[in-house]
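Chain by chain, the residues:
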Amino acid sequence: MKTKQVVIIGSGIGGSAIGALLAKKEEFRVTLIEKTKFIGGRFATYEKEGFKLDIGCHMLANCDKGPLGKVLSICGASDYVKWCYARRPSPVINFKGDFVKFPYELHKLGFTQEDMNNFIRFQADILSMSPEECDRHDNVSIRDFVSRYVDSDLARSLVGFFAAIYFVDKDDVLPVGEYARCQNEIAANKALGYPAGGTGAVPEAYCRIIEESGGKVMTRKGVNKIIVETGRVKGVELSNGEILDADLVISNASIRDTVLELVGEGLYPGSFVQRLKEYGYSYGTHVVKIALDKPITDQKMIFYIGHTDLMEVEEKMGDENWLPDSASHLMIPIISNLDPESAPEGKQLIFAGGGSRQPYTSGKEVWEKWDDAILASLKIVFPDIEKHILWKTSTSTTAINNLFGEEGSVIGISQTIGQIGKDRPPIIDPIVENLYHCSADTGLHGIGGELAADAALRLYDHLTKSEQ
Ligand SMILES: Cc1cc2nc3c(=O)[nH]c(=O)nc-3n(C[C@H](O)[C@H](O)[C@H](O)COP(=O)(O)OP(=O)(O)OC[C@H]3O[C@@H](n4cnc5c(N)ncnc54)[C@H](O)[C@@H]3O)c2cc1C
């Protein structure tokens, strides 16, 4: 008998995953409310002229072997998503137009033999860190840890580049413990890849499970208010004034917006509100998506490095008014080589994303300059690309902020030292009974979408254990 009414605010990975998990249980009746027209939040996918474009994201660390797959497997729906691995060919580094085998051809980037040996020792030590050692290293920055091995700006910034791809923040504030945990999982699972149909296929599969289990999914309906009576959730008020009663409310919106706006900060102790306001968000990533009239590469994933003086670039990026002529680093997933159905037959779809520190308040001209900078670097990797472009579009930090808030950040609350492990915001609301926060903000471990799925799996454990 479905006796507990659960209202979920938001269809991002955290919201749709917890919705699917609870909907499969006998006692929960799930209603999911999404304010935009998209299912999936930052993971959503839409179509343009036969091409499938993700709103934001582009590569998953562990596909079916990680938390996103675990949610499907608990729901008995592993076959609802088909995964396309980034293998044959595996990801490659492109340095200023030349392909470099990692880590054995690092001399092509300017590494001395000694730096290379030390760097390989660093990589080996990261890969052999035990879970306890990872925990102990959650207050050591990646930059400090690499410096124990190599006295080279180049080596430090190369690791900084990979850390930025994972966590979209700076290596001097990111913890090496979480970096090692993620590296170890990726190495063990060998399941880096992409879902067929675009990243949106994952939250869409979760929402399908909700509906097949008797729950409801509503889009284009925002929640304006969480109704609280005598310290306990009673329901939510929608943007059209409709009231939905609820025994449990789970918010997939940012924890800051949920507490400050949907509940109201007056109910919370000043210290908690202050802490929420102090949490820092990760940076944004500017992503250019290009439809091509024919395939121009067989690669599936390219990490582009355009400068050796990466530390200098890092310093310049600290100045938010600095606009580069070319992108110094890019992650370039060739989406249609991962998932051939993402582009019409005979065409190719390429994404290129570069971390940008430009604030979400930047105007159109700033993002057009970023489009040009990314295209300039893409021309170094693919000299012919311009001849084959059918059209291109891009997602800026401003666009992400307009849709999903959180200053347009990639992750939400960043996984930096002091904001990781026990220092992350809580899943269980500390004041309002039966209110929960389930999003990347409250995940404890993992990269991007997997961090949000981690929050859902932890909340599921909590709610189903307390049912027994
Ligand atoms: C440019 C970019 C690139 C990325 N690249 C990667 C990548 O390569 N790999 C990876 O794993 N991750 C990547 N990510 C990160 C990943 O997309 C996010 O970490 C993850 O999707 C966040 O999920 P979430 O559950 O926190 O919810 P969100 O995606 O933040 O979704 C929250 C949802 O709640 C809805 N909502 C908010 N308020 C209300 C309200 N009042 N009423 C109703 N609905 C509401 C929103 O509309 C939204 O749909 C990227 C993100 C971006 C922006």
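Quick look at the site of the ligand now. Every one of the 34 residues lining the ligand counts as a neighbour, but Gly14, Glu34, Arg42, Met59 and Asn252 are closest to it. In the model, a nitrogen atom of the ligand is placed 3.2 Å from a nitrogen or oxygen of the Lys35 main chain. In isolation the ligand has 1,000 Å² of accessible area, and contact with the protein removes 94% of it. Put simply, the parts of the chain that give the shell around the ligand at least two residues each are α1 (13-23), β14 (284-292), α14 (397-404) and α15 (449-467). When grouped by side-chain class, the residues that make up the shell around the ligand number 16 nonpolar, 14 polar and four charged. Residue contributions to the shell around the ligand reach at least three from each of two domains, namely domain 1 (4-48 + 57-85 + 197-278 + 413-467) and domain 3 (283-406).

Attention shifts here to the domain arrangement of the protein chain. In terms of domain boundaries, the protein chain breaks down into domain 1 (4-48 + 57-85 + 197-278 + 413-467), domain 2 (102-189) and domain 3 (283-406). The C-alpha-based centres of domain 1 and domain 3 are spaced at 29 Å. Contacts between the two partners involve 16 residues from domain 1, matched on the other side by 16 residues from domain 3. Buried area between domain 1 and domain 3, both sides added, is near 1,500 Å², and the carbon and sulfur share of it is 63%.

Formed by 52 residues in total, the largest nonpolar core has its most connected members in Phe111, Phe122 and Tyr179. With residues up to four places along the chain from it excluded, the contact list for Tyr179 reads Phe122, Ile126, Ile142, Val159, Phe162, Ala163, Tyr166 and Phe167. Of all hydrophobic cores here, the second largest spans 48 residues; its members include Leu21, Phe43, Ala191 and Leu459.

Close contact between α1 and helix α8 (residues 201-212) brings their axes to 8 Å; oriented N to C, the two are set at 30°. For the element pair α1 / α8, the angle class is roughly parallel. Our pair here, α1 against α8, has a crossing hand that is left-handed. Contact residues: Ile13, Ser16, Ala17, Gly19, Ala20 and Ala23 in α1; Val202, Pro203, Tyr206, Cys207, Ile209 and Ile210 in α8. Among the residues forming the contact of α1 with α8, the class breakdown is ten nonpolar, two polar and no charged.

Turning our attention to the packing of helix α6 (residues 153-167) against helix α7 (residues 176-189). Viewed as axis vectors pointing N to C, α6 and α7 meet at an angle of 80°, and their least axial separation amounts to 11 Å. Taken together, α6 and α7 sit at an angle that is classed as roughly perpendicular. Residues Val159, Phe162, Ala163, Tyr166 and Phe167 of α6 form the contact with α7, whose own contacting residues are Glu178, Tyr179, Cys182, Gln183 and Ile186. Among the residues forming the contact of α6 with α7, the class breakdown is eight nonpolar, one polar and one charged.

Glancing now at the state of the cysteines. Per the counting criterion, the structure on display carries zero disulfides. The thiol of Cys75 is unpaired, and the distance to the nearest cysteine sulfur, on Cys207, comes to 11 Å. For Cys75, a relative accessible area of 3% puts it in the buried group. The thiol of Cys438 is unpaired, and the distance to the nearest cysteine sulfur, on Cys75, comes to 13 Å.

With that settled, the discussion passes to unusual backbone geometry. Here Arg88 and Pro89 are connected by a cis peptide whose omega angle stands at 0°. Turning to its location among the elements, Pro89 is positioned in the loop between β5 (83-85) and β6 (92-95). One non-glycine residue, Val168, lies in the positive phi region at around 55°. Structurally, Val168 is set in the loop between α6 and α7. Classification of Val168 as buried rests on a relative accessible area of 9%. Notably, Thr230 is not glycine yet its phi reads approximately 40°, a positive angle. Looking at where Thr230 falls in the secondary structure, it is placed in the loop between β10 (223-229) and β11 (232-238).

For the rest of this paragraph, the subject is the pattern of salt bridges. Two side chains that carry opposite charge are able to pair once their charged atoms sit near each other. On inspection of all chains with the given rule, the structure shows 17 salt bridges. We note a salt bridge from Asp138 to Arg181, for which the minimum N-O separation is 2.7 Å. Here Asp138, found in the loop between α4 (131-136) and α5 (142-147), pairs with Arg181, found in helix α7; they are 43 residues apart in sequence, far enough to count as distant. Across the pair, Arg181 and Asp138 agree in class, each one buried. Asp153 is the salt-bridge partner of Arg156, the closest N and O atoms lying 2.4 Å from each other.

Reading the values: rules and limits
- Position numbers for residues count from 1 along each chain, tracking the sequence in the order it is written.
- Thresholds applied to this predicted model are a pLDDT of at least 70 for local features of residues and 80 or more for the giving and counting of side-chain atom pairs; totals over whole chains, interfaces and linings are not thresholded and use all residues.
- Only hydrogens and water are set aside when side-chain values are computed; all heavy atoms of the structure are taken into account.
- Being near a molecule or strand, for a residue, means having at least one of its heavy atoms within 4 Å of it.
- Under the rule applied, a polar contact is a pair of N or O atoms within 3.5 Å (in protein, one hydrogen donor and one hydrogen acceptor; residues adjacent in sequence only if both atoms are side-chain atoms).
- Accessible areas in this description were obtained via Shrake-Rupley with a 1.4 Å probe; residue shielding takes into account the shown protein chains only.
- Think of it this way: any DSSP run of H or I at least four residues long counts as a helix, any run of E at least two long counts as a strand, and we number them from the N terminus.
- Three categories are distinguished: nonpolar for Ala, Val, Leu, Ile, Met, Phe, Trp, Tyr, Cys and Pro, charged for Asp, Glu, Lys and Arg, and polar for the others, with Gly belonging to the last.
- For every domain, the bounds stem from an assignment made automatically or drawn from a database.
- Contacts between residues were defined by any pair of non-hydrogen atoms, one from each residue, lying within 4.5 Å.
- When two components associate, each loses some accessible surface as probed by a 1.4 Å sphere; the sum of these losses over both components is called the buried area.
- Buried residues of nine kinds, namely Ala, Val, Leu, Ile, Met, Phe, Trp, Tyr and Cys, make up a nonpolar core once their side-chain atoms join them within 4.5 Å.
- Three labels apply to residues, based on accessible area from a 1.4 Å probe with only protein chains included: buried if under 20% of the type maximum, exposed if over 50%, partly exposed otherwise in between.
- Geometry is summarised by axes, namely lines fitted to C-alpha atoms with helices restricted to the contacting stretch, and by angles between N-to-C directions that run from 0 to 180 degrees.
- Working rule for angles: under 35 degrees goes down as roughly parallel, over 145 as roughly antiparallel, 65 to 115 as roughly perpendicular, anything else as oblique.
- Each helix crossing is assigned a hand: it is left-handed if the near helix lies turned anticlockwise from the far helix by less than a right angle, otherwise right-handed if that turn is clockwise.
- By definition, disulfides here are pairs of cysteine sulfur atoms that lie within 2.5 Å.
- Salt bridge criterion: a side-chain nitrogen from Lys or Arg within 4 Å of a carboxyl oxygen from Asp or Glu.

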